[in-house]
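# Coordinate inspection notes
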Amino acid sequence: MAMKNSNEPSSAAGMGQDKAIFILKPMTVGAFADVAKVSAGEVILFLLRKGISCSRNQLLQEGVVADLARHYGFEVVKSPKISRDQDELVIEHEGGAQESRSPIVVVVGHVDHGKTTLLDYIRKTRVAQKEKGGITQHLGAYRVTTGRGDIVFLDTPGHEAFMRMRERGLKVADLAILMVAADDGIMPQTLEALNAAKAANVPIIVALNKVDKVDQKRIDMVKQQLAKYGLSLDEWGGDVICVPISAKEGTGVDKLLEMVHLQAEMLELKARVTGPGIGYVLETKLEKGRGTVATLILQHGIVRVGDFFVAGVATGKINVIMDSFGVLIKEVMPGNPVQIAGFDEMPQAGDIFRVITAAEYKERKSNRGKFPELTSFLPQAEDKNALVIMLKADTDSSKDALTKAIEKLAGQEKETINIIQAGVGAITESDVAFAATAHATIYGFGVKPEAYVQLEAKRLNVPVFSFYVIYHLLDDIKERIEKARKPEVVSKKVGEAVVRKVFDIKGEIIAGCYVKTGKFVRDGKVVVLRDGRKIGEAKIKTLQRERRSMKEVAAGYECAFIAEGLSDFQIEDTIECYQEVEVPKE
Ligand code: GDP
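Residues numbered from 1 in each chain as written. Predicted model: local features only at pLDDT ≥ 70, side-chain atom pairs only at ≥ 80, totals over all residues. Heavy atoms only, no water.

When you go through the protein residue by residue, the secondary structure sums to 13 helices and 35 strands. Sorting the 586 residues of the protein into buried and exposed places 50% on the buried side. Put simply, 70% of the contacts in the protein that link residues at least 6 apart link residues at least 24 apart. Total accessible area on the protein is roughly 28900 Å²; 50% of this is exposed by carbon and sulfur atoms. (Helix = DSSP H or I, 4+ residues; strand = E, 2+ residues; numbered from the N terminus. Buried < 20%, exposed > 50% of the residue type's maximum accessible area, 1.4 Å probe, protein only. Contact = heavy atoms within 4.5 Å. Areas by Shrake-Rupley, 256 points an atom, 1.4 Å probe, with all protein chains shown as cover.)

This is the structure we're talking about:
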């Protein structure tokens, strides 16, 4: 029964006025009849005429389902499969009419090498001016028109998104422009970007930027540097194109765009132009009144207002599509960045966005029951010694419960806790970035950061803890405050002695020593050293001087001690005495 409606060829699945789309999969006769809105008897009869005898519950193979669907006037599309291939998510998109599409390009490179300047320059000079002055909506991508065709540029934070996608194995960009400032040459992030592009198998074009600042000698030097890192330039017989540019003055940018086209032509990029849309989420944000909005770049198919969709953990029904010019549109074709609203949860940048049927949407909804909502900002922490907390919970109610409980705890703990932000939804990279600047600890309740977010947290030194039981979370906070308050206990060397005699009294080995410096204390610990090597260490059990039990023995005196479980003493051994002392925390 689960499949009964899941193939419903409703207009909600991105279908429109032409033929309804049928997403192919094996299904029973009965299920097909339900979808096609015909009687099962009619289907059975049709199959009988083809020489296939079957019952209502017979499972039909894809080929037979495809024949049936075509017979009943559907346009048959294979369901988009997402398969894992060595950590790389590959989106298959067979079926449906294919058309060549514009390349999607990302600009990567070291900070300050001119990525933003180049993207700004291209946007200002190349974007078709629609109505009152070009792009008004920042969609994380924009489309550029050149004499040879269009190019889609992933805009800021394209660089970030690109890195993130590497972590997820996704491939949103077809080509990468590696910005290398000629004055700086190759820098750490240049290599990082280069490796990311290689890992994602994205071809590279090098833009040697800021040539207005350097002479030819310097340009040649950087080119040699590039070769050293395995980028063999085409002018030297290699396959990497390198275009000297000045993003600031615009020189060389035309040539760069031409090279992008040349490279892209070799890739023979195609898009399915019918059927349900599938693409990537580039950015997400919360907007007053509209909730979550996301920018998408569509790879295949069509997305229409009214379509149901899934994107990562989020689902929804599209109620608004807006293009780069701020114009509300009804549908969008592949390669066009748009902003959509209608999410019931927040997806993450890099998530795959996919149009689904109304039935699949319903099924997903009924399996979840969690409807996270916006993040609310609480006052910034002022007390530097306070435990600064950013809270991310799985539901609104757990967020409220936790916020109250933590605030109560804060009251008891005399305001040493500050919640700077409490929200619902996944722990994202932007949460980590925010926590890093606020010196906050992120507490997840019922939500765990994905691996790439954990990596980012590690990189930025942001502690992230996830819990599934409220009391465990509260206990952890309490413990952390206590720890923060309690002075640190450190082991400190307080004296040094030399072994003069070793006694064995009724099986107890006693070291008779002479205290050379400092003091020996009964509640201390001894470390035995022989020829500079550590032989053992133990707590002191008894400490004596002239057969009298002592609390401590000062330098210049003889002493004898028994140490717990320690018996290997030799004359001339050095004994160090350590005492635990409390050091107040800063
Ligand atoms: P990003 O961090 O890679 O995005 O770098 P930006 O685009 O912000 O550029 C960093 C700095 O380099 C800015 O001050 C730019 O004005 C400057 N810059 C960028 N491109 C050029 C260029 O071609 N020539 C010169 N002289 N300066 C440039």
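What follows picks up the thread again.
Reading around the barrel, the six strands line up as 15-16-21-19-18-22 and close back on themselves, with antiparallel pairing between neighbours. Averaged over neighbouring strand pairs, the angle between their axes works out to 45 degrees when direction is ignored. Pairing geometry for strand 19 (residues 314–322) and strand 21 (residues 337–343), over four bridges, is antiparallel. Directly across from V320, in strand 21, lies its bridge partner A341. Sheet contacts for helix 9 (residues 358–366): strand 18 (308–311), strand 19 and strand 22 (352–356); angle to strand 22, the most-contacted strand, approximately 115 degrees. (Pairing = 2+ DSSP bridges. Axes fitted to C-alpha atoms, helices over the stretch in contact; angles between N-to-C directions.)

Here we come to the site of the ligand. Taken together, 15 residues surround the ligand, and among them D112, K115, T116, T117 and D212 come closest. A distance of 3.0 Å separates an oxygen atom of the ligand from a polar side-chain atom of K210. Between the ligand and D212 there is a distance of 2.7 Å, counted from a nitrogen atom to a side-chain nitrogen or oxygen. The fraction of the free accessible surface of the ligand (580 Å²) that becomes covered by protein chains is 76%. Per-element accounting of the shell around the ligand gives the leading share, three residues, to helix 4 (residues 115–126). (Near = heavy atom within 4 Å. Polar contact = N/O pair within 3.5 Å; in protein donor to acceptor, adjacent residues only side chain to side chain.)

As a further point, take the side chain of T146. When you line up the elements, T146 lands in strand 9 (residues 141–146). A relative accessible area of 13% places T146 in the buried class. Here the side chain of T146 touches H261 through a polar contact of 2.8 Å, side chain to side chain. For T146, the contacting residues outside a window of four places in its chain are R126, I151, L257 and H261.

What follows deals with the packing of aromatic side chains. A complete count under the given rule lists ten aromatic pairs for this structure. Pairing F309 with F343 gives two aromatic rings, centres 4.7 Å apart and planes at 70 degrees, and the pair type is edge-to-face. On the criterion of sequence distance, the pair formed by F309 in strand 18 and F343 in strand 21 is long-range, its members being 34 residues apart. Neither residue differs from the other here; F309 and F343 are each classed as buried. Members of the aromatic cluster, joined through ring pairs, are F32, F46 and Y72. For K525, the ring lying beneath its charged end belongs to Y578, and the centroid distance is 5.7 Å. (Phe/Tyr/Trp six-rings, centres within 6.5 Å; stacked < 30°, edge-to-face > 60°. Lys NZ or Arg CZ within 6 Å of the ring centre and 35° of its normal.)

Further remarks concern helix 2 (residues 40–49). Along helix 2, the positions that sit buried rather than exposed are A40, V43, F46 and L47. Along the axis of helix 2, the buried residues cluster in a sector spanning 120 degrees; they form a single face. Check the buried side of helix 2 and you find it contacts helix 1 (29–36), strand 3 (59–60) and helix 3 (62–71). G51 sits one or two positions beyond helix 2 and adopts a positive phi of about 90 degrees. (Arc of directions from axis to C-beta.)

What follows covers the packing of helix 1 against helix 2. Contact pair helix 1 / helix 2: the axes reach a minimum separation of 8 Å and the direction vectors enclose 115 degrees. Judged by the twist between their axes, the crossing of helix 1 over helix 2 is right-handed. Contacts from V29, F32 and A33 of helix 1 reach helix 2 at A40, V43, I44 and L47. Residues of the contact of helix 1 with helix 2, tallied by class, amount to seven nonpolar, no polar and no charged. (Left-handed = near helix turned anticlockwise from the far one by under 90°. Nonpolar A, V, L, I, M, F, W, Y, C, P; charged D, E, K, R; others polar.)

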